[in-house]
Amino acid sequence: MLTPSYQKLKDILSKSIDSKRILTNPLQTLAYGTDASFYRLIPQIVILAHNETEVVEIIKQAKLLDIALTFRAAGTSLSGQAITDSVLVVATHGWKNFELLDNNQKIKLEPGIVGARANTFLAPHGLKIGPDPASIGAAMIGGIVANNASGMCCGTAQNSYQTIADIRIVLHDGTLLDTADTNSVADFKKNQTALIHEIENLRDTIKSDETLYQRIKNKFKIKNTTGYSINALVDYEDPIEIIKHLMVGSEGTLAFISNVTFKTIIDEKYKSCSLLIFNSIQDACNATILLKSSPVAAVELLDRKSIQSVENDPEAPLYFKTLPESACALLVECRDNDLNVLLQKQEEIRSQIQSIPTYTDYEFTRDLKQYYFNWKARKGLLPTVGGMRKTGTSVIIEDVAFPLSHLAEACLELKDLFKKYEYHDAYLFGHALEGNLHLVFSQDFSNQDEVDRYEKLMSELAILVVDRFDGSLKAEHGTGRNMAPFVEKEWGTTAYEIMKRIKNIFDPNNKINPDVLINPDPKAHLKNLKPMPESHVIVDKCMECGFCEPHCVSEGLTLSPRQRIVIAREISRLEETNDDPQRLAAIRKDVTYQLDETCATDGLCALACPVYIDTGKFVKEWRASKLNVDDKKIASYIGSHMAGTTSGLRIGLKIVAGFHNILGTTIMATLSNGFHFLSFGKVPKWIPEMPKGANKINTNQ
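Here's what I pulled together on the structure shown here. The model shown is predicted, which means the values in this text are computed figures rather than measured ones. (Residues numbered from 1 in each chain as written. Predicted model: local features only at pLDDT ≥ 70, side-chain atom pairs only at ≥ 80, totals over all residues. Heavy atoms only, no water.)

Here we take up the overall build of the protein chain. Of regular secondary structure, the protein chain possesses 28 helices and 17 strands. For 701 residues, the compact-globule estimate of 2.2 N^0.38 gives 27 Å, and the protein chain sits close to it at 27 Å. Overall, the C-alpha framework of the protein chain stretches about 85 × 65 × 60 Å when taken along its three principal axes. Looking at the protein chain as a whole, 56% of its 701 residues are labelled buried. The positive charge centre, built from 78 side chains, and the negative charge centre, built from 86, are 5 Å apart in the protein chain. (Helix = DSSP H or I, 4+ residues; strand = E, 2+ residues; numbered from the N terminus. Rg over C-alpha atoms; globule rule 2.2 N^0.38 Å. Buried < 20%, exposed > 50% of the residue type's maximum accessible area, 1.4 Å probe, protein only. Lys, Arg positive; Asp, Glu negative; His and termini not counted. Charge placed at Lys NZ, Arg CZ, Asp CG, Glu CD.)

And the structure:
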């Protein structure tokens, strides 16, 4: 039951927003409240907002009632950026509009568009958007911008911060700012003088402090998404430009993003890649330093364990299984619009690193099968590694960056750190060219000893990254709840105070996605941890990444494959612990329609899942488990008498169609509804779209 203020918010919003899109039942709030991170908070209310007018109304009413809001697009973020126990506003369906501008040099996108979908709009023009995260097939524009996601090829030159042209936002009081609209900007400057003045004060404060100014400059020479993008305050003079760029990487804590305009990037016609195997991780890192000045589009590092995680893929080369434990791979990408230039680039790359021996010979390939396997292996590493973890554990991904000159040393010290705390399943991979490493390992949060072990690891990781190498604790995944307690450690007190002032300027009451990015609790990263109980062998390896969602035909009607697994897990947990029978009953009340009856069981989700989880197959098992003896007998009879069954159905449909012709649509619908009611739902409703019985196909012709 909702508390009075939340009930009042629901009642008020129900007057302007379809009440079917204001969700409060336990099943839906859990399903929509879950993201790809290892944190869980269950919202009181989930609102599926469909347009900006609705969002403005939600923000204004929530402000009046002093209720916190969190905004969500795809929910693919990994560090707890978009979870809440208050009100979650989901901007996916209804936020799909786009517009090509300035002869395709720019593209305006709403937040609910999947990144890969945006690229399909640009592909006919040989263009793309700059950010290219591994999750681009599922992550949406709102989250890509809010987290300043980058990726394999964009580096620090083509990320959201560098390629944003304009943005339209809604502030905490409902104020709109569209930086592409001169009238909007003029109104904003006229009506928000205090805010503008504060931004200018911050800018001038930093520029008058040479030490802080240079520190900000240096910190952003490598990838960095720890805290706010305060480089906006040194890169720009105009307060509107500063605001625009502060929104990038703000993780939904400053405003709602209604749309964003990107400058488009050339998508080169010819691409080739090669998997270079080195004898050691030091050799691979030293080669990366040499490759920095060569014509590469991307250099991705995969340590031995990462290679091991894909060596059983049917398309993997056989030699993967024979590599020594010290081996390390670099996936090197080369691109150009001229094939001859591409070949020249390949030779330049060879020449650049010839002083460092490789374990095997290597060739650049444009063969589509081999090319896509190489990139599939790299892009799917996180969920693949997640799928290999022990059931009941969470997969943790940390995302650090080091100055390239220290990358080899940092890799070795990271491996020693994992060895010290007995994380024997830890993997290293990432964007070596940017000094950006992803650290992936499984973590059991089911007992205090394991939580303590995690706390010690994170504490020493922060010391290693910040004190030892002056690197970034978050390079491209956003701060989130996991790294919020360490923002001050990385940046120091002076810069951290600047960030707190930024939060206060845009959200003085701390009601826009609170406790994310700025969080005074030093143990915030150890709280609200997501339970991962065993449920069913088909789905237990799911890490809830959400890669399946764009491929699900019932997503948006009811649940996505990820959400179905979340609900199944929660039912298993509640049955096992018996700690909330009332909540279990409430979830069970809605589960048949939400999880079972509306799943097409077509297996499309498995095509997108990096670990091939077929949630449709799981739902079929679920259905089978609910059948009684009589149901199974009937199903068995139908299965062994299909010819007679289909013949009977053809005749039945023809009879129904005959009655429709005689009675007409109105009388037919009335009678159908009556029979449906009198039979307590046993007789299905007739609808005008119901097909007529077809003639039998003559297979002898």
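Another aspect to go through is the nonpolar core. Core analysis: the biggest nonpolar cluster contains 60 residues, and Leu291, Leu330, Val332, Phe402, Leu437 and Tyr454 have the highest contact counts within it. Sorting elements by how many residues they give to this core places helix α18 (residues 448-468) first, with nine residues. When residues no more than four places from it in sequence are discounted, the contact partners of tyrosine 454 are Phe38, Ile396, Glu398, Tyr423, Phe441, Gln443, Phe445, Asn482, His525 and Leu526. Ala149, Leu177, Leu254 and Val516 belong to the second largest nonpolar core, which has 58 residues in total. (Core = buried A, V, L, I, M, F, W, Y, C linked by side-chain atoms within 4.5 Å. Contact = heavy atoms within 4.5 Å.)

Among the structural elements, aspartate 336 can be located in strand β14 (residues 328-336). What makes aspartate 336 buried here is its relative accessible area of 15%. Separated by 65 residues in the primary sequence, aspartate 336 and lysine 271 place their C-alpha atoms 6.7 Å from one another. If near-sequence neighbours (up to four positions away) are discounted, aspartate 336 is found in contact with Glu268, Lys269, Tyr270, Val341, Leu342 and Lys345. Within the local environment of aspartate 336, its side chain forms a polar contact with the backbone nitrogen of aspartate 338, the two atoms lying 2.9 Å apart. (Polar contact = N/O pair within 3.5 Å; in protein donor to acceptor, adjacent residues only side chain to side chain.)

One pass over the structure, following the stated rule, counts six cavities of 30 Å³ or more. The volume enclosed by the largest cavity comes to roughly 710 Å³. Forming the walls of the largest cavity are 44 residues, and the residues nearest its centre are Thr76, Ser77, Ala139, Gly143 and Asn147. Listed by contribution, the elements that provide at least two residues to the lining of the largest cavity are β3 (69-72), α5 (141-146), β10 (256-263), α15 (368-379), α16 (381-388) and β16 (427-431). Here the lining of the largest cavity takes four residues from α5, the largest share from any one element. By residue class, the composition of the lining of the largest cavity is 25 nonpolar, 14 polar and five charged. Residue lining of the second largest cavity: 17 residues in total, with Cys542, Cys545, Cys548, Cys609 and Ile613 positioned closest to the centre. Element by element, the count of residues in the lining of the second largest cavity is highest for helix α22 (residues 561-577), at three residues. When its residues are assigned to classes, the lining of the second largest cavity shows 13 nonpolar, two polar and two charged. (1 Å grid on protein atoms, 1.4 Å probe; cavity = no way out; pocket = protein on both sides within 12 Å on 5 of 7 lines; lining within 4 Å. Points joined across faces, edges and corners; volume = space filled by probe spheres on them. Nonpolar A, V, L, I, M, F, W, Y, C, P; charged D, E, K, R; others polar.)

Our focus in this paragraph is a nonpolar patch on the surface. A contiguous nonpolar patch, built from Ile634, Tyr637, Ile638 and Met642 and spanning about 400 Å² of accessible area, is present on the exposed surface. Ranked by the residues each element gives to the nonpolar patch, the list is headed by helix α26 (residues 629-640), at three residues. With respect to the secondary-structure elements, isoleucine 638 resides in helix α26. (Patch = residues over 30% accessible without salt bridge, like charges linked within 9 Å, V, L, I, M, F, W, Y side chains within 5 Å. Areas by Shrake-Rupley, 256 points an atom, 1.4 Å probe, with all protein chains shown as cover. Salt bridge = Lys/Arg side-chain N within 4 Å of Asp/Glu carboxyl O.)

Right, let's get into unusual backbone geometry. For asparagine 104, which is not glycine, the phi torsion reads 70 degrees and is therefore positive. Within the element layout of this structure, asparagine 104 appears in the loop between β5 (98-101) and β6 (106-109). At threonine 601, a position not held by glycine, the phi torsion is positive, near 50 degrees. Looking at the element boundaries, threonine 601 is found in the loop between α23 (581-597) and α24 (604-608).

The subject of this paragraph is the sheet that holds strand β1 (residues 22-23). Taking strand neighbours across the sheet as the criterion, the four strands line up as β1-β2-β4-β3 in an open arrangement whose pairing is mixed. The two strands at the open ends of the sheet, each matched to only one other strand, are β1 and β3. Where β3 lies against strand β4 (residues 87-90), four bridges are found, and the strand directions are parallel. Looking at β4, one finds that leucine 69 is bridged to valine 87. The sheet strands contacting helix α1 (residues 4-13) are β1, β2 (45-48) and β4, and the helix crosses β2 at an angle near 20 degrees. On top of the sheet, helix α3 (residues 52-64) reaches β2, β3 and β4; it is set at about 160 degrees to β3, its chief contact. (Pairing = 2+ DSSP bridges. Axes fitted to C-alpha atoms, helices over the stretch in contact; angles between N-to-C directions.)

Okay, the layout of surface pockets next. There is about 1,400 Å³ of room inside the largest pocket. Every residue lining the largest pocket is counted, 50 residues in all, and those nearest its centre are Ala134, Tyr372, Trp375, Lys376 and Lys379. Where the lining of the largest pocket is concerned, the elements lending two or more residues are α4 (115-122), β7 (127-128), β12 (270-278), α13 (304-310), β14, α15, α16 and α24. In terms of residues, the lining of the largest pocket owes the most to one element, α15, which gives eight residues. Residue composition of the lining of the largest pocket, grouped by class: 29 nonpolar, ten polar and eleven charged. A volume near 560 Å³ is recorded for the second largest pocket. In terms of lining residues, the second largest pocket is bounded by 36 residues, among which Tyr32, Thr92, His93, Glu555 and Gly556 are the most central. For the lining of the second largest pocket, the elements supplying multiple residues, two or more each, are α2 (26-33), α4, α22 and α23. Per-element tally for the lining of the second largest pocket: the top contributor is α2, with three residues.

With that settled, consider the packing of helix α8 (residues 193-207) against helix α11 (residues 239-247). In the contact formed by α8 and α11, the axes pass within 10 Å of each other and the chain directions differ by 85 degrees. Accordingly, the angle class assigned to the pair α8 and α11 is roughly perpendicular. Here α8 contributes Leu195, Ile196, Ile199, Glu200 and Arg203 to the contact with α11, which in turn contributes Pro239, Ile240, Ile242, Ile243 and Leu246. (Parallel < 35°, antiparallel > 145°, perpendicular 65-115°, else oblique.)

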